[in-house]
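Take a look at the letters that make up each chain.
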Amino acid sequence: EKQLIESLKFIMNQARYVEARELCEYILLRITPNDESYYRVQMMQLEIYLNLYENEQFMILYHTIKDDIERQGEPIDRINMSLFVGHYFMFNMKDYDKALPYFQKSLSLAIKFSNPQIISIAMNNIAVILCEKNEKPSTILEFLEFYTTHLENLNGVYDLTYIEAHGMYFRTLISMMQFE
């Protein structure tokens, strides 16, 4: 089963989500809920449904596993769950008001567990939502300045994550100059 899960990761990294869905379903038939990899595979299935825009399956699976992930999941599972649901509402449903709390939750968890990549992703998504909600560029800039300091304070921060955060910051500065 470990080899199957590694194959599933490989297929997902290639964005071959239809194949990944089939393999994921096959793996879930072979392992039991007691298996330590069961929730990890379900999280992968959630990501697959999200990327295939299979909205109904996404929400069914989310409601099935959310309590177990919140209670027993690894921090990265809890972070990713919030991020996935935020993406679902933002991109699949275009409901920015519902997406925002999930990105805020993923951001706070990412800060708590020192995950610079997720901090950067969540910051970007929140900034996009603020733009979509017609917030003033100065408000967005304050938000980005505040959370960029969290990235600066993390030990071992990934250079690309830091650069991405500053890229968002500078894009907002440029837009402020254009619109104000």
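Refer to the structure presented above.
Residues numbered from 1 in each chain as written. Predicted model: local features only at pLDDT ≥ 70, side-chain atom pairs only at ≥ 80, totals over all residues. Heavy atoms only, no water.

Trainee: Can you break down the side chain of Arg78 residue by residue, with the values?
Mentor: Note that Arg78 resides in helix H5 (residues 75-92). Not counting residues within four places of it along the chain, the set of residues in contact with Arg78 comprises Ile69, Glu70, Gly73, Leu109 and Phe113. (Helix = DSSP H or I, 4+ residues; strand = E, 2+ residues; numbered from the N terminus. Contact = heavy atoms within 4.5 Å.)

Trainee: Explain the layout of surface pockets to me, using residue names and the numbers behind them.
Mentor: Estimates place the volume of the largest pocket at around 260 Å³. As for the largest pocket, its lining consists of Lys9, Met12, Asn13, Tyr17, Arg40, Met43, Met44, Glu47, Ile76, Asp77, Asn80 and Phe84. Elements supplying a minimum of two residues to the lining of the largest pocket: helix H1 (2-13), helix H3 (38-51) and H5. Per-class residue counts for the lining of the largest pocket are 6 nonpolar, 2 polar and 4 charged. (1 Å grid on protein atoms, 1.4 Å probe; cavity = no way out; pocket = protein on both sides within 12 Å on 5 of 7 lines; lining within 4 Å. Points joined across faces, edges and corners; volume = space filled by probe spheres on them. Nonpolar A, V, L, I, M, F, W, Y, C, P; charged D, E, K, R; others polar.)

Trainee: Explain the pattern of salt bridges to me, using residue names and the numbers behind them.
Mentor: Evaluation of the coordinates by the stated rule reveals 7 salt bridges. A salt bridge links Arg71 to Asp68; the nearest nitrogen and oxygen atoms lie 2.6 Å apart. Residue Arg71 and its partner Asp68 are both found in helix H4 (residues 55-72); the two are separated by 3 residues, about one turn of the helix. On the basis of relative accessibility, which here comes to 59%, the residue Arg71 falls in the exposed class. (Salt bridge = Lys/Arg side-chain N within 4 Å of Asp/Glu carboxyl O. Buried < 20%, exposed > 50% of the residue type's maximum accessible area, 1.4 Å probe, protein only.)

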